[in-house]
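# Residue-level structural notes
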Amino acid sequence: KFDTAGIICYTVVMTTKQKESGETAGERLRRTRYERGMSMAAVARGGGVHWHTVWRAENDAGVPSAASAHAIAEALGVSIEAIWRVVDLQPKARPR
């Protein structure tokens with residue numbers, strides 16, 4: 001999560017597979033997007049990320065940066081934890 005000035009950032013270590021559900025992050029992302037009736041382009045626009053970032057996340061072709069993951073989740077109206085398994089969420093000083 002980021003403050004509006006971009007001063008504080010979080011180190012987020014995410015994994016794509018959730019052992020509890022057996023569903024990957026990409027599958028959860030796609031299901032959430034479908035449930036909201038949003039296109040990949042709409043999620044990308046809403047989050048201010050490139051559509052290819054959303055595509056890669058949905059296809060488990062990579063884990064997005066913490067900033068992109070937060071933006072995607074926010075565009076969908078869910079927490080980052082609803083999509084990705086967040087292993088570490090600790091406030092860190094932003095590197096200068």
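These remarks concern the structure in this document. Numbers given for residues are sequential positions, taken from 1 along each chain in its written order. The predicted origin of the model limits local features to residues at a pLDDT of at least 70 and limits the giving and counting of side-chain atom pairs to 80 or more, whereas totals for whole chains, interfaces and linings rest on all residues. As a convention, hydrogens and water are excluded, and side-chain values are obtained from all of the structure's heavy atoms.

## A few points about helix α4 (residues 66-76)
Most of α4 sits out of view: eight of its 11 residues are buried. Type-normalised accessible area, obtained with a 1.4 Å probe on protein chains alone, sets the label of each residue: buried when under 20%, exposed when over 50%, and partly exposed for intermediate values. Helix and strand definitions here come from DSSP, where helices need a minimum of 4 consecutive H or I residues and strands a minimum of 2 consecutive E residues; each element is numbered from the N-terminal end. Residues of α4 that are buried include every one of Ala66, Ser68, Ala69, His70, Ala71, Ile72, Ala73 and Leu76, and no others.

## Structural notes on the environment of alanine 71
In this structure, alanine 71 sits in helix α4. As a C-alpha pair, alanine 71 and valine 43 span 28 residues in sequence and 8.9 Å in three-dimensional space. Should any heavy atoms of two residues lie within 4.5 Å, those residues are considered in contact. Those residues in contact with alanine 71 that lie beyond four places of it in its chain are Gly47 and Val49.

## Some points on the side chain of threonine 32
For threonine 32, the location among the structural elements is in helix α1 (residues 25-35). If sequence neighbours within four positions are ignored, threonine 32 has contacts with Leu76, Val78 and Ile83.

## What to know about the nonpolar core
Nonpolar core, defined: a set of buried Ala, Val, Leu, Ile, Met, Phe, Trp, Tyr and Cys residues in which side-chain atoms within 4.5 Å join the residues together. With 17 residues, the main nonpolar core has Leu29, Val49, Val54, Ile72, Leu76, Ile83 and Trp84 as its most contacted residues. Of all the secondary-structure elements, those providing two or more residues to this core are α1, α2 (40-47), α3 (51-58) and α4. Among the elements that line this core, the one with the most residues is α4, at five residues. If near-sequence neighbours (up to four positions away) are discounted, isoleucine 83 is found in contact with Ala25, Arg28, Leu29, Thr32 and Val78.

## Let's talk about the packing of α2 against α3
In a packed pair of helices, the relevant descriptors are the angle between the two axes and the axis-to-axis distance. Their axes nearest at 8 Å, the elements α2 and α3 cross at an angle of 120°. For the crossing formed where α2 meets α3, the hand is right-handed. Together, Met40, Val43 and Ala44 of α2 and Trp51, Val54, Trp55 and Glu58 of α3 make up the contact between the two elements. Lines are fitted to the C-alpha atoms to define the axes, a helix being fitted only along its stretch in contact, and any angle between axes, read from their N-to-C directions, falls within 0 to 180 degrees. Less than a right angle of anticlockwise turn of the near helix away from the far helix marks a crossing as left-handed, whereas a clockwise turn marks it as right-handed.

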